[in-house]
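# Results of the structural survey
Chain by chain, the residues run as shown.
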Amino acid sequence: MVAVGVVVIAAAASVVSLSAVSQPGLAGGGSSNNGSSSRWAIAFPQDTVSFAEDVAPIFRQRCAKCHGAEDEDGVRAEAGLMLLTYEQVMAGSEFGTVIEAGDPEKSYLLEMIVEGDMPEEGDPVPEEEIEIIRAWVEAGAPNN
Ligand code: HEC
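These lines cover the structure that appears in this document, whether it is placed above or below. A quick note: this is a predicted structure, and the numbers were derived from the prediction, not measured.

## Some thoughts on the packing of helix H3 (residues 51-62) against helix H6 (residues 127-138)
Contact geometry for H3 and H6: axes closest at 10 Å, N-to-C directions at 130°. If you check the angle between H3 and H6, you find them oblique. In the crossing of H3 with H6, the sense of the turn from one axis to the other is left-handed. Residues Phe51, Asp54, Val55 and Ile58 of H3 form the contact with H6, whose own contacting residues are Glu129, Ile132, Ile133 and Trp136. Residues that form the contact of H3 with H6 fall into these classes: six nonpolar, no polar and two charged.

## Quick look at the site of the ligand
Residues in contact with the ligand amount to 20 residues; listed here are only the nearest, Cys63, Cys66, Glu78, Ser93 and Pro119. Looking at the shell around the ligand, the element that brings in the most residues is helix H5 (residues 108-115), giving four residues. Its residues placed into classes, the shell around the ligand shows 13 nonpolar, two polar and five charged.

## Side note on the pairing of strand S2 (residues 74-77)
Pairing analysis gives three bridges linking strand S1 (residues 67-71) to S2, with the strands arranged antiparallel. Bridging across to S2, Asp71 finds its partner in Gly74.

## Examining the environment of Ile133
The topology assignment puts Ile133 in helix H6. Between the C-alpha atom of Ile133 and that of Pro104, which follows or precedes it by 29 residues, the distance is 8.9 Å. The residues touching Ile133, leaving out its near neighbours within four places in the chain, are Val55, Ile58 and Leu110.

About the thresholds
Residues numbered from 1 in each chain as written. Predicted model: local features only at pLDDT ≥ 70, side-chain atom pairs only at ≥ 80, totals over all residues. Axes fitted to C-alpha atoms, helices over the stretch in contact; angles between N-to-C directions. Helix = DSSP H or I, 4+ residues; strand = E, 2+ residues; numbered from the N terminus. Parallel < 35°, antiparallel > 145°, perpendicular 65-115°, else oblique. Left-handed = near helix turned anticlockwise from the far one by under 90°. Contact = placed C-beta atoms within 7 Å. Nonpolar A, V, L, I, M, F, W, Y, C, P; charged D, E, K, R; others polar. Near = placed C-beta within 6 Å. Pairing = 2+ DSSP bridges.

Quick look at the structure:
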């Protein structure tokens, strides 16, 4: 358990430093129609959202506990959905795909977090993180 916690913190920290430090020149490139003061949403115009650096850390931090992480009882994959790797995310759940590349409206995973149905326990996904995931789906859900 300790090891998992460390990985999550390191991943979250890398997202913050990336947006704050590596891409300062891009501020203002995104459209901020949601009124939030999110630094992330502004710092990442659509075509630069990275699955590995921006999206995966959100899933690791907020979803992996029930969708992919391993505990004493084995790997936990609620609804057959695992969210640790790109392949797992795109493979979807036992009921089918949860990401429709290029179409946020048809992506069930987005609907679940927008409606607040996921995560099933704990804090809802903040608006700026939802925007990162939406921008990634809109960009065609690339494996980048
Ligand atoms: C505390 C455990 C828990 C956490 C954390 C959690 N989930 Fe789930 N998730 C579940 C359970 C249980 C189900 C199956 C029952 C249901 O659909 O409500 C589920 C189902 C889903 C489904 C539906 C799959 C399908 O095809 O029906 C999606 C999509 C999903 N989760 C996404 C997420 C995302 C994205 C996160 C992180 C933001 C997340 N979940 C975090 C427990 C969790």
